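# Per-entry structural report
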Amino acid sequence: TAALVETLEVHYLANRDRALAFGLLTDLRDAAEERLPGDERLVQVARDGIEALNARYRGRDGEDRFFLFHRARSWNPRERCWMGWERKRGKLENLNALLRDEADGAFATLVGDVGVLQGTRYVITIDTDTSLPLGVARRLVATLAHPLNVARYDAARGRVVDGYGILQPRVSPGLPGASRSRYARMFS
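Because the structure is a prediction, the values reported are computed rather than measured. (Residues numbered from 1 in each chain as written. Predicted model: local features only at pLDDT ≥ 70, side-chain atom pairs only at ≥ 80, totals over all residues. Heavy atoms only, no water.)

Next up on the list: the packing of aromatic side chains. Using the criterion set out here, one finds 8 aromatic pairs in the structure. For the pair Y12 and F22, a centre-to-centre distance of 5.6 Å together with 90 degrees between the ring planes defines the contact as edge-to-face. Here Y12 is found in helix α1 (residues 2–14), whereas its partner F22 is found in strand β1 (residues 22–26), with 10 residues between them in sequence. Each member of the pair, Y12 together with F22, is buried. Seen in terms of ring centroids, F67 and F69 are 6.1 Å apart; in terms of plane orientation they differ by 20 degrees. Their pairing is stacked. On the accessibility criterion, F67 (1% relative accessible area) is buried. Classification of F69 by relative accessible area gives buried; the value is 5%. Counting every residue linked through ring pairs, the aromatic cluster contains Y12, F22, Y57 and F66. (Phe/Tyr/Trp six-rings, centres within 6.5 Å; stacked < 30°, edge-to-face > 60°. Helix = DSSP H or I, 4+ residues; strand = E, 2+ residues; numbered from the N terminus. Buried < 20%, exposed > 50% of the residue type's maximum accessible area, 1.4 Å probe, protein only.)

If you trace the backbone, R65 turns up in the loop between α2 (39–57) and β2 (66–70). Classification of R65 as buried rests on a relative accessible area of 6%. Residues within four places of R65 in sequence aside, it is in contact with R18, L20, A21, F22, N54, Y57 and G59. (Contact = heavy atoms within 4.5 Å.)

Here is the structure:
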């Protein structure tokens, strides 16, 4: 957990921008029981780390830049275990609901003033094995915000009909000698 907080700080230092916020979206490992010894300690380490980052990097505006969104385990009869609801997809769905101010208590622990996130237009998700190189966050947002890429939502059809609703680039260093696309070179 401390390593996740450290990685979050590295992403922030490489992509400092007043318009960006950084968060950990976490679940505990699947388990045979709802609560395990050590669960509370892991969440506390994450909480302490996020609070320390906010204390260290709070902007002139006084707003939090770092957040913890932690979900408790729930019983999954199909998997026959206690786990985070719908794993990664569920975390993203819960985060989107929170950002739309439609949260239903999906997060057992929230750290940071999530009120400052209202009006968020873009979310960049980074897995634990993915890097966010220097300045890439700004370039990703610029790509999505470009007039030719802006998503057009058709309410009658209930979907995006033009532009992009999701942009999923591969942002990682390539293997030595591997051929890389123009897009990969632009974002590395």
